[in-house]
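Observations on the three-dimensional arrangement
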Amino acid sequence: MSSSAGSHKPADPPAAQKQRERPWIMRTYAGHSTAAKSNELYRTNLQKGQTGLSVAFDLPTQTGYDPDHLLSRGEVGKVGVPVSHIGDMRALFAGLPLDQMNTSMTINATAPWLLALYIAVAEEQGVDKKLLQGTTQNDLVKEYLSRGTYIFPPAASLKLTADIIAYTVNEVPKWNPTNVCSYHLQEAGATPVQELAYALSTAIAVLDALKTGGQVPAAEIPKVVGRISFFVNAGIRFIEETCKMRAFTALWDRITKERYGVQDETLRRFRYGVQVNSLGLTEPQPENNILRIVLEMLGVTLSKDARARALQLPAWNEALGLPRPWDQQWSLRAQQILAFESDLLEYEDIFEGSVVIEAQVRKMVDAAYREIQDIEARGGVIEAVESGYLKQRLVESNAARIRAIESGQQVVVGVNKYTETAECPLTKDLDGAILTVDPEAEQAAIAAIKKWRAGRDDAAARAALAKLRAAVEQGKNIMPPSIEAAKAGVTTGEWAAALRDVIGEYRAPTGVSGARLDQGGAAVSGKETVEALRARIAGLAKTLGRRPKMLVGKPGLDGHSNGAEQIALKARDVGFEVVYEGIRVTPEQIVASAIEEGVHVIGISILSGSHMELVPQIVEQLRQKGLGHVPVVVGGIIPESDARALEAKGVARVYTPKDFLLNNIMSDLVELVAKSAGAHAAA
Amino acid sequence: MPPREAEPAVKLAAGVAAGDKVAVAAALNLVEDRRAQTRNAVDALLCALRTLRPPGYGHRVGLTGPPGVGKSTLTAALAREYRARSLRVGVLAVDPSSLRSGGALLGDRARMAFDPQDEGLFVRSLATAGDAGGLAYAANAGVAVLATAYDRVLVETTGVGQTETDVEHVVDTVCLVIQPGSGDVLQFIKAGIMEIPDVIVVNKGDHGRLAQRAASDLQGALDRLRQAGLGGEQSAWTLPVLVTSARDRTGIDALADALQAHLASRTPSERAEKRSRGAVAWAVSLLSRQHGEHALDLLGGAQAVRAQATDALARGATPIGAAASLSERYLAALRAG
Ligand code: B12
Ligand SMILES: Nc1nc2c(ncn2[C@@H]2O[C@H](COP(=O)(O)OP(=O)(O)OP(=O)(O)O)[C@@H](O)[C@H]2O)c(=O)[nH]1
Ligand SMILES: [Mg+2]
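Residues numbered from 1 in each chain as written. Chains lettered and ligands numbered in written order. Predicted model: local features only at pLDDT ≥ 70, side-chain atom pairs only at ≥ 80, totals over all residues. Heavy atoms only, no water.

Remarks on the overall build of chain A
What counts is decided by this rule: Think of it this way: any DSSP run of H or I at least four residues long counts as a helix, any run of E at least two long counts as a strand, and we number them from the N terminus. As defined in this context, the radius of gyration uses C-alpha atoms, and a globule is described by 2.2 Å times the residue total to the power 0.38. When checking whether two residues touch, look at their non-hydrogen atoms; a contact exists if any pair is within 4.5 Å. Accessible areas in this description were obtained via Shrake-Rupley with a 1.4 Å probe; residue shielding takes into account the shown protein chains only. By the counting rule applied here, Lys and Arg register as positive and Asp and Glu as negative, while His and the ends of each chain are not counted. Where a charge lies is defined by one atom per residue type: Lys uses NZ, Arg uses CZ, Asp uses CG and Glu uses CD.
Regarding its fold elements, chain A presents 26 helices and 15 strands. Rg of the C-alpha trace for chain A: 25 Å, near the compact-globule value of 26 Å for 683 residues, within the 12% margin. Principal-axis analysis of the C-alpha atoms places the extent of chain A at approximately 80 × 70 × 50 Å. Sequence separation of 24 or more characterises 80% of the internal contacts of chain A that already satisfy a separation of 6 or more. Only carbon and sulfur atoms are counted for the fraction: they give 55% of the accessible area of chain A, which is about 25800 Å². Counting 75 positive and 80 negative side-chain charges, chain A places the averaged centre of each group 1 Å from the other.

Have a look at this one:
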């Protein structure tokens, strides 16, 4: 492969003659509106030099609802593509030969179903499933801890994960059946050691389930180990992240050898893909984010011995809303420049023999190993999910992170330091600086699914569903009947409903009840101190007769819980009584809770973009029930013009990521409660 | 009762009795109100409420036990069971307040997802609000409100310290929830808390053999205690030990039956007797909350105060009223002394 075609002659001739390493797979996480629109997007992305596909599904598809389900209101085609049946899957990959694609699907609770649809479409295309390459994310543990698109209880989820692995290991041998994720843990606040320990404990739980579940003969376990891949995060502290990746590699080697007796070294290799950190990407001065993204990319590429196999980058406007094609292209170009212009791929591992790096790696390995043993002592990762232990630790880590930013201890340029800025030409037209999804897409999808159901052979679909159900009841592998159902025209909602009916549903612990806030460190700035707020709330309690009570609600299918959790914790910390019921509640439930709990203020958190559909419903229902005087505030990813529209509909305040000083939000809430209580008493 | 408070109280109480959720919530807001100027309104409400139901009406059940054993999940399962039996259910879930900030995260509700349209089910969270280890300030009155609106009232306590004994005064039947392999049982027997529960549940029965073993160990220990004549109060009721899985909703119907059987094992006069003792304890606790233990001393000791409260209640006062007259007497004694 020739690489020195550029104008600069490299100083060191031997280096120039070196074989360049093959670069990682470059992907862009994409999908929205409809299968046809997303297909168009994938084609242009491939033309731009992207080498793998990464499918973003919408939330109804991820949580197993058809577009016409009540819970899908406002969510269809919004943050990803809706795939409701084989027709959609066909359209999504029209003209894209599946034997030549490497497709990553961010799909979890409904992973068996989406993989079944993919396999069914491949067969239609005449492609042998043995040639299919790609990944189903299929890690439910991190769904309970961070991502939120789980459906079933943990043990049942683990069984489904194991089903996909057991099926693919022989039937779709090049497929990565599960991507054990630490990415989402960091996005929920995890420290590097927590990321290492929780993800590896998850991998252990999956492999143990396969070993004891008898789905795979003991002799095949090493082969299964070789198919387990990981999905990791890389934050701005890229030296530490480099060490984390080396620690992952070392720990995985040890665990697979010691615990699963894998002798073949190639099967013990830590294979991973990456999306770099998005939690640290900012709303103020968003143009700086592209620089953060580039630095973050270094953490997972610099070290040849621990380099990512596949990489996808967020966009500069991450904290504003969904990226447009150009925004994603800019990030893709960053990858291409690193891989093809720089000399990175000409070298062996550049950290080999570094005493500093090795010492840091060893420290992380030791700390993570201790944590893994601790989780084991608590009965394993599933038990630690169910008891709420792990979620609570994450909520605490995130609180510490936020506190460090509030106090200025952790510098975030453009946010808590160097905030002075010239006008940014990229955000001159703020509403136009993000992708907006056609609101008609939902209605079109509803019409389409009705047509699909009317047009199919209903008896065949029903028979396939009955078979699926029987397989679930008998504990058989879910994949074969799912593939049959895919071919019979069954829909995503029907597939999931059958499983829901047999297995039941689950609500994960919120992690906030027992979470402790670390009071140490530098003082947090803001209009008022915590002590002042506590005093004010105590005073307000005297005038109201009881403590101010707040309901924090997360309506819709949105799983972004960080903001709601931190607001709930902070509100408790300044003296509110707080009711928080976790993610995925309906507007009706929020209104019922507000009434029964007798709250003084309602805080709604929505980041998935369905605020214009859901918030007005809540406000209206409150009014109908005679609770119109209770102030409603909203937080999340709310574009400026939407914020104004919501205020016009009666929302008292709207907060976005730029409002990072929680104390200031608390000051507002106290003010609102005092004002509304005064007005209500006077009325 | 001051007439000014009577009229709105009657209206509110009627709304409560009709099961109007907005009225129930408003009544609960009122009884949580600690301002001196609302005390008469609370008193009036309690007066109005008790005219609307016969004295022995309904069944109040307390669920207590150590943190994390599944009290909330079990409460939800039990509530569903009652709904399936066409009984209307009110739930009071008590969580601890932070001593430092006074704030609280009321986490039980998150474990009780219900149909928001169901008019026959009401869940309210209460914070202990600085009453370290005790039940919430408004728990007594809250139960009185819910018991007027609903056929069954379930009270989930924080499960630490004093609450086990406090809850006894608030409900008809105390259900102690424990989990397998926790060693809690022995602790309870040692601490004498075994005197309090009327039903014992080993939850997380899905842990299989472990749960069954815990239940039979416990049954054995109870039998030995009983043979040694240490089995608590002498009555026809034998403390049952049940195994449930709140998660898988197994054993819940048997639990509902056992709770019902406990209620049925008491004669109407025994039940009324227990509720009056609860009212006395409520009045006395209001007094000591307001003035501290000193008030009890000055009024001749706990026993004498209880007698005085019993007297006031017998003459028709609500516990609020009884506490108020005790308080007056205490203040007079203070002035005199
Ligand atoms: C972290 C994150 C995640 C984590 C969430 C972890 C968790 N448990 O919360 C993970 C990795 C799981 C995730 C997943 C997804 N994400 Co995401 N995610 C983010 C990210 C990077 C940060 C959000 C965050 O947690 N910030 C930190 C918290 C503390 O801030 P905050 O919530 O904004 O809260 C502040 C204010 O908004 C306000 N506030 C918020 N809520 C409330 C409530 C009240 C009462 C009050 C008073 C104030 C308030 O106060 C807070 C203090 O400053 C944002 C982009 C960004 N940088 O903002 C994307 C983003 C929200 N994600 C996005 C998407 C699309 C997804 C996915 C749906 C993708 C997909 N197709 O699968 C998935 C699925 C998630 C799901 N189930 O819904 C989009 C949403 C697009 C849109 N709105 O149009 C965003 C904007 C990224 C983007 N540009 O595309 N994500
Ligand atoms: N396996 C199993 N887990 C259960 C069962 N009941 C509850 N749990 C789990 O135990 C944990 C605690 O349940 P809760 O219902 O919140 O327990 P609690 O006693 O109300 O807890 P606190 O109010 O915090 O004291 C949750 O993770 C539940 O899912 C059960 O029957 N079996
Ligand atoms: Mg509870």
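Focus on the coordination of the magnesium ion (ligand 3)
As a benchmark, a tetrahedral metal site with four donors has ideal angles of 109.5 degrees, while an octahedral site with six donors has ideal angles of 90 or 180 degrees. All names here are of chain B. Note the threshold: Any N, O or S atom lying within 2.8 Å of the metal counts as a donor, with the limit raised to 3.2 Å for Na, K and Ca; because water is left out of the atom set, some sites can appear incomplete. Exposed residues in this analysis have more than 50% of their type's maximum accessible area, buried residues have under 20%, and partly exposed residues fall in between, with area computed by a 1.4 Å probe over protein chains only.
On the protein side, the magnesium ion (ligand 3) has Ser 72 (OG), Asp 108 (OD) and Glu 156 (OE) as donor atoms, found 2.1 to 2.2 Å from it. Here the donor residues of the magnesium ion (ligand 3) are spaced in sequence according to S-x35-D-x47-E. Of this pair, Ser 72 sits in helix H4 (residues 71–84) while Glu 156 sits in strand S5 (residues 152–156), placing them 84 residues apart in sequence. Exposure remark for Ser 72: the relative accessible area of 7% places this residue in the buried category.

Notes on the sheet that holds strand S8 (residues 241–243) of chain B
Residue and element names in this part refer to chain B. Keep this limit in mind: Criterion used throughout: strands pair if DSSP finds at least two bridges between them. To define axes, lines are fitted to C-alpha atoms, for helices over the stretch in contact only, and angles between the resulting N-to-C directions are given on a 0 to 180 degree scale.
Ordered by their spatial adjacency, seven strands build an open sheet running S4-S2-S5-S1-S6-S7-S8, and the pairing between neighbours is parallel. Each end of this open sheet is capped by a strand with a single partner; those strands are strand S4 (121–127) and S8. The sheet shows a mean angle of 20° between the axes of neighbouring strands, taken without regard to direction. Strand direction decides the pairing type here: strand S6 (residues 173–178) and strand S7 (residues 199–202), joined by four bridges, are parallel. By the bridge assignment for S7, Leu 176 is matched with Ile 200. Contacts between helix H8 (residues 209–227) and the sheet are confined to S6, S7 and S8, with S8 contributing the most and set at about 180° to the helix.

Digging into the confidence of the model for chain A
Put simply, the test is: Think of pLDDT as the predictor's per-residue confidence, scored from 0 to 100.
For chain A, mean pLDDT is 94; residues scoring 70 or higher make up 96% of the total. Predicted confidence for residues 1–7 of chain A stays below pLDDT 50, and this span has five contacts to residues more than four positions away or in other chains.

Some remarks on the coordination of the cobalt atom of ligand 1
Exactly one protein atom donates to the cobalt atom of ligand 1; that atom is His560(A) (NE2), 2.2 Å from the metal. Structurally, the position occupied by His560(A) is in the loop between strand S11 (549–553) and helix H22 (562–574).

Some words on the site of ligand 2
Our working definition: A cutoff of 4 Å decides nearness: a residue is near a molecule or strand if any of its heavy atoms lies inside that distance of it. What qualifies as a polar contact is a pair of N or O atoms within 3.5 Å, subject to a donor-acceptor requirement within protein and to the restriction that residues adjacent in sequence count only when both atoms come from side chains. Following the grouping adopted for this structure description, the nonpolar residues are Ala, Val, Leu, Ile, Met, Phe, Trp, Tyr, Cys and Pro, the charged ones are Asp, Glu, Lys and Arg, and the polar ones are all others, Gly among them.
Surrounding ligand 2, one finds 18 residues, the nearest of these being Glu386(A), Ser72(B), Thr73(B), Asp206(B) and Ala246(B). Per-site note: the chains with residues close to ligand 2 are chains A and B. Val69(B) is positioned with one of its backbone polar atoms (N or O) 3.2 Å from an oxygen atom of ligand 2. When ligand 2 sits alone it has 640 Å² of accessible area, and the protein chains cover 85% of it. The dominant element in the shell around ligand 2, judged by the number of residues it contributes, is H4(B), at three residues. Looking at side-chain class alone, the shell around ligand 2 contains three nonpolar, seven polar and eight charged residues.

Remarks on the interface of chain A and chain B
Put simply, the rule reads: Two parts lose some accessible area (1.4 Å probe) when they are put together, and adding that loss for both gives the buried area. For salt bridges, the criterion is a side-chain nitrogen of Lys or Arg within 4 Å of an Asp or Glu carboxyl oxygen.
On the side of chain B, 30 residues touch chain A, which itself brings 37 residues to the contact. Of the roughly 2800 Å² buried where chain A meets chain B, counting both sides, 49% is carbon and sulfur surface. Ranking the residues of chain A by area buried against chain B places Arg546(A), Glu577(A) and Glu596(A) at the top, with a combined share of 23%. Counting across the interface, chain A meets chain B through five salt bridges. With a shortest N-O distance of 2.8 Å, Glu596(A) and Lys21(B) are connected by a salt bridge. Here chain A is connected to chain B by 18 residue pairs in polar contact (both at pLDDT 80 or more). Counting only elements with at least two residues in the side of chain A that touches chain B, the list comes to helix H21 (530–544), H22, strand S12 (577–580) and helix H23 (587–597) of chain A. In the side of chain A that touches chain B, the residues fall into 12 nonpolar, 10 polar and 15 charged. As paired strands, S12(A) and strand S3 (residues 104–106) of chain B are joined by three bridges and run parallel to one another. Pairing of Val579(A) across the sheet is with Leu106(B), part of S3(B).

Focus on the nonpolar core
Using the following cut-off: Definition used in this section: a nonpolar core is a set of buried Ala, Val, Leu, Ile, Met, Phe, Trp, Tyr and Cys residues joined via side-chain atoms within 4.5 Å. Boundaries of every domain are those given by an automatic assignment or by a domain database.
With 175 residues, the main nonpolar core has Met89(A), Phe230(A) and Phe576(A) as its most contacted residues. Among the elements that take part in this core, helix H9 (residues 192–213) of chain A stands out by supplying 12 residues, more than any other. Two domains each put at least three residues into this core: domain 1 (23–418) and domain 2 (530–682) of chain A. With near-sequence residues (within four places) excluded, Phe576(A) lies in contact with Ile537(A), Pro548(A), Lys549(A), Met550(A), Ala571(A), Val601(A), Met666(A), Leu669(A), Val670(A), Val673(A), Gly103(B) and Ala104(B).

Focus on the domain arrangement of chain B
All names here are of chain B. Once the domains are mapped, chain B shows domain 1 (1–52), domain 2 (59–266) and domain 3 (267–337). Taken together, the contacts link 18 residues of domain 1 with 20 residues of domain 2. Overall, the association of domain 1 and domain 2 removes approximately 1500 Å² of surface from exposure, summing both partners, and the carbon and sulfur fraction of that is 65%. Here domain 1 is connected to domain 2 by one salt bridge. With a closest N to O distance of 2.8 Å, Glu 32 and Arg 124 form a salt bridge. Linking domain 1 to domain 2 there are four residue pairs in polar contact (both at pLDDT 80 or more).

Regarding the pairing of strand S8 (residues 229–232) of chain A
Remember that side chains alternate between the two faces of the sheet whenever the strand is regular. Residues and elements named next belong to chain A. Side chains of S8 alternate between two faces, with Ser 229 and Phe 231 and Phe 230 and Val 232 buried alike. As paired elements, strand S7 (residues 179–181) and S8 share three bridges and run parallel to each other. Along S8, the bridge assignment pairs Asn 179 with Ser 229. Pairing geometry for S8 and strand S9 (residues 272–275), over three bridges, is parallel. Across the sheet, the residue bridging to Phe 231 is Gly 273, located in S9.

Some thoughts on the pattern of salt bridges
Residue and element names in this part refer to chain A. Enumeration according to the criterion identifies 62 salt bridges over all chains in this entry. The salt bridge involving Asp 558 is made with Lys 554; its shortest N-O contact spans 2.9 Å. Here Asp 558 matches Lys 554 in class, with each residue buried. Salt bridges sharing common partners tie together Asp 66, Asp 68, Arg 453, Arg 456, Asp 458, Arg 462 and Glu 494.

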